[in-house]
Each structure stands twice: as structure tokens, then as C-alpha cells.
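A look at the structure
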Amino acid sequence: MFRSIADSAKIHFNIGLILGRKGDHDGAIEAYDQALKLDQYLVVAYFQRGVAKMIQQRNPEAMEDFNSALKFLRDN
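Along every chain, residues carry numbers that run from 1 in the direction the sequence is written. The predicted nature of this model means local features are confined to residues of pLDDT at least 70 and side-chain atom pairs, given and counted, to a pLDDT of 80 or more, with totals for whole chains, interfaces and linings taken over all residues. The side-chain values count all of the structure's non-hydrogen atoms but skip hydrogen atoms and water molecules.

**Remarks on the packing of aromatic side chains**
The criterion for an aromatic pair is that two Phe, Tyr or Trp rings (for Trp, the six-membered ring) have centres within 6.5 Å, with stacked assigned to planes under 30 degrees apart, edge-to-face to planes over 60 apart and tilted to the rest. Scanning all chains against the criterion turns up 4 aromatic pairs. Consider the rings of Y41 and F72, whose centres lie 5.2 Å apart with planes at 90 degrees: the pair is edge-to-face. Linking Y41 in the loop between helix 2 (25-38) and helix 3 (43-55) with F72 in helix 4 (residues 59-75), this pair joins segments that are 31 residues apart in sequence. Relative to F72, the ring of Y46 has its centre 5.4 Å away and its plane inclined at 25 degrees; by these criteria the two rings are stacked. Of the two residues, Y46 sits in helix 3 while F72 sits in helix 4, which places them 26 residues apart along the sequence. Of the aromatic side chains, those joined through ring pairs into one cluster are Y41, Y46 and F72. In this text, helices come from DSSP runs of H or I with a minimum length of four residues, and strands from runs of E with a minimum of two, each type numbered from the N-terminal end.

What follows is the structure, given as C-alpha cells:
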């Protein structure tokens with residue numbers, strides 16, 4: 001519903017949080033992907049995408065996101 005008006009990484013990130021809370025982890029991952037396209041340094045989006053992937057038992061992919069979050073945290 002909100003995707004059509006989302007114009008910033010933070011809005012897409014918040015959409016991801018809402019979808020994840022509702023149990024739509026695929027939708028949440030898509031929202032985090034979009035947020036990261038707009039802002040590759042949005043560390044919390046990597047972390048939350050990792051959490052969503054971990055819930056889906058996609059652990060190697062989740063670990064990549066957690067490592068990206070740590071990398072960008074250290075670079076800031």
C-alpha cells in the first residue's frame with residue numbers, strides 16, 4: 001500500500017519493519033532491498049534483512065547481511 005509513495009530509504013526501511021512484524025518476511029526483505037538501493041550505508045537495513053532471512057532459515061545469506069552491517073558500522 002505504501003510502496004507507491006515511498007521515496008526514501010528510511011520509508012522503505014519502515015515498510016520492511018511493518019511487514020516483518022506482520023510475518024511477511026519476503027515482503028520485508030524486498031523493502032529492505034529497496035532501502036539499500038537508495039542508501040547502501042543504512043546499517044539497520046542490513047541487520048533487519050539479516051534477521052528476516054534468519055527467520056526463513058536462510059542462515060548463510062543472513063550472515064552476509066550481518067557482516068555487511070558490521071562492516072559499514074566500522075566504516076562510519
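**Digging into helix 2**
Helix length check: helix 2, at 14 residues, gives a terminal C-alpha distance of 20 Å against a target of 20 Å (1.5 Å per residue), a fit within 8%. Turning to helix 2, the residues buried within the fold contact helix 1 (9-21) and helix 3. A helix is expected to span 1.5 Å for every residue after the first. By definition, residues are in contact when any of their heavy atoms lie within 4.5 Å.

**Describing the nonpolar core**
Grouped together as the largest cluster of nonpolar side chains are 15 residues, with contacts concentrated most on F13, A35, L36, L42, A45 and Y46. Put simply, the parts of the chain that give this core at least two residues each are helix 1, helix 2, helix 3 and helix 4. With near-sequence residues (within four places) excluded, A45 lies in contact with F13, Y32 and L36. Among buried residues, those of type Ala, Val, Leu, Ile, Met, Phe, Trp, Tyr and Cys that are joined through side-chain atoms within 4.5 Å constitute a nonpolar core. Think of it in three bands: with a 1.4 Å probe and only protein chains considered, a residue is buried below 20% of the maximum accessible area for its type, exposed above 50%, and partly exposed in between.

**Points about the packing of helix 2 against helix 3**
When two helices pack together, their arrangement is given by the angle between the helix axes and by the axis-to-axis distance. Running from N to C, helix 2 and helix 3 point in directions that differ by 155 degrees, and their axes come no closer than 9 Å. Between helix 2 and helix 3, the crossing angle belongs to the class labelled roughly antiparallel. For the element pair helix 2 and helix 3, the recorded crossing hand is left-handed. Across the interface between the two elements, H25, I29, Y32, D33 and L36 of helix 2 pack against A45, Y46, Q48, R49, A52, K53 and I55 of helix 3. All axes here are fitted lines through C-alpha atoms, helices being fitted over the stretch that makes contact, and every angle between N-to-C directions spans 0 to 180 degrees. Should an angle lie under 35 degrees it is considered roughly parallel, over 145 roughly antiparallel, and from 65 to 115 roughly perpendicular; all remaining angles are considered oblique. By the definition used in this description, the sense in which the near helix is turned from the far one sets the handedness, with an anticlockwise turn below a right angle giving left-handed and a clockwise turn giving right-handed.

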